[in-house]
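# Residue-level structure breakdown
Here's the letter readout for the chains.
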Amino acid sequence: MDLGIRGKKAIVCASSRGLGKGCAEALAEAGCDLVVNGRDEAVLARTATEIRDRFGVAVTEVPGDVADPAIQKRLLAAAPQPDILVNNNGGPPYRPFSELDREAILKGVTNNMVAPLELIQAVMGGMAERGFGRIVNITSLSVYMPIPGLDLSSGARAGLTSFLAGVGRTVADRNVTINHILPGKLDTDRLRGPHEPGSVEDPAAAAKRKAEQAVGIPAKRLGTPQEFGQVCAFLCSVHAGYLTGQNIRVDGGLYVSAF
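Residues numbered from 1 in each chain as written. Predicted model: local features only at pLDDT ≥ 70, side-chain atom pairs only at ≥ 80, totals over all residues. Heavy atoms only, no water.

Applying the stated rule across the entire model yields 12 salt bridges. Measuring nitrogen to oxygen at the nearest pair gives 2.7 Å for the salt bridge that ties R52 to E61. Between D187 and K210 there is a salt bridge whose closest N-O contact spans 3.0 Å. Here D187 is found in the loop between β6 (176-183) and α6 (189-192), whereas its partner K210 is found in helix α7 (residues 203-213), with 23 residues between them in sequence. Exposure remark for D187: the relative accessible area of 24% places this residue in the partly exposed category. A single network of salt bridges, built from pairs that share partners, joins D187, E201, R209 and K210. (Salt bridge = Lys/Arg side-chain N within 4 Å of Asp/Glu carboxyl O. Helix = DSSP H or I, 4+ residues; strand = E, 2+ residues; numbered from the N terminus. Buried < 20%, exposed > 50% of the residue type's maximum accessible area, 1.4 Å probe, protein only.)

Before going further, it helps to spend a moment on helix α3 (residues 69-78). For α3, the complete set of buried residues consists of I71, Q72 and L75. All buried residues of α3 project into a common sector of 105° when viewed along the axis, lining one side. Those residues of α3 that are exposed and angled more than 90 degrees off the buried face are K73 and A77. Check the buried side of α3 and you find it contacts β1 (9-12), β2 (33-38), β3 (59-63) and α4 (102-130). The N-cap residue of α3 is D68: its side-chain oxygen and the backbone nitrogen of A70 are 2.9 Å apart. (Arc of directions from axis to C-beta. Contact = heavy atoms within 4.5 Å. Polar contact = N/O pair within 3.5 Å; in protein donor to acceptor, adjacent residues only side chain to side chain.)

Once that is clear, we can look at the nonpolar core. Core analysis: the largest hydrophobic core is formed by 32 residues, its most contacted members being I5, V12, L27, L34, I84 and F228. For this core, the elements supplying multiple residues, two or more each, are β1, α1 (18-29), β2, α2 (41-55), β4 (84-87), β5 (133-138) and α8 (225-235). Ignoring any residue separated from it by four or fewer positions in sequence, one finds F228 in contact with L19, C23, I138, I181, P183, L186 and V250. Grouped together as the second largest cluster of nonpolar side chains are 24 residues, V66, V123, V176 and I178 included. (Core = buried A, V, L, I, M, F, W, Y, C linked by side-chain atoms within 4.5 Å.)

Read from one edge of the open sheet, 7 strands run β3-β2-β1-β4-β5-β6-β7, paired in parallel fashion. Of all strands in the sheet, those with a lone pairing partner are β3 and β7 (247-250), marking the two edges. Averaged over all neighbouring strand pairs, the angle between strand axes comes to 15°, with direction disregarded. By the bridge criterion, 6 bridges tie β5 to β6 in an arrangement that is parallel. Bridge pairing in β6 places I135 opposite I178. Its contacts with the sheet put α3 on β1, β2 and β3, and the angle it makes with β3 is roughly 170°. Running over the sheet, helix α5 (residues 151-167) touches β5, β6 and β7 and is turned about 160° from β6. (Pairing = 2+ DSSP bridges. Axes fitted to C-alpha atoms, helices over the stretch in contact; angles between N-to-C directions.)

Its location among the elements puts N89 in the loop between β4 and α4. Polar side-chain contacts of N89 include one of 3.4 Å to the side chain of R39. A distance of 3.3 Å separates a polar atom in the side chain of N89 from the backbone oxygen of N111. Not counting chain neighbours up to four residues away, the residues in contact with N89 comprise A14, R39, D65, V66, A67, N111, N112 and R157.

Written as structure tokens, this is what we have:
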């Protein structure tokens with residue numbers, strides 16, 4: 001399917017690896033020029049080179065933490081009139097509620113709620129004026145299925161979702177959409193657990209780990225960043241203009257609900 005977004009400009013946050021990279025690759029495949037971002041400058045550079053070489057699109061690198069206002073300014077300077085914004089950021093680590101202090105709570109809310117809101121506020125008006133905009137927020141299935149110890153992540157992302165429920169409907173008539181993708185168990189570094197950066201997982205150990213982590217998933221497997229990215233690219237397409245304010249679960253059927 002031609003997504004109709006060839007030549008569009010996309011900012012994809014936290015896109016040097018994992019789900020963000022999957023989204024960046026899918027948008028590049030659709031012909032979008034990209035601004036990519038990540039904390040590790042070397043990893044980000046490798047990702048940018050891979051995407052340029054594979055898809056032949058323009059890729060601008062902005063290393064740093066997207067929650068940092070200075071990095072946000074650099075992202076927006078690299079694409080002053082973006083057509084697409086994909087918000088993504090790493091969630092806070094596992095931590096029991098009883099151990100959370102004010103600093104940790106504020107940092108989690110800043111990373112997973114405030115930062116995406118700031119970027120949306122910066123780009124939404126221009127998108128509306130130009131008559132096209134696609135904003136996709138990568139949140140988490142934990143918004144629907146809270147995980148003890150990840151309460152801060154669930155709360156901040158749920159707050160983002162509710163905050164934007166009304167905001168998104170104010171620009172729907174100008175072909176600007178805001179949607180959320182909720183990943184379940186996808187095969188990323190976060191699910192792999194602690195390991196040396198760049199290390200190669202033993203194939204037998206990887207197969208065992210994935211089988212154990214897939215228990216309870218109706219699809220009987222973990223998802224991939226690539227298929228997740230394709231869902232993101234569709235939400236950014238010209239075909240998704242009548243789809244806004246939605247939470248799209250990409251979880252292999254893990255969340256059980258008829259509605």
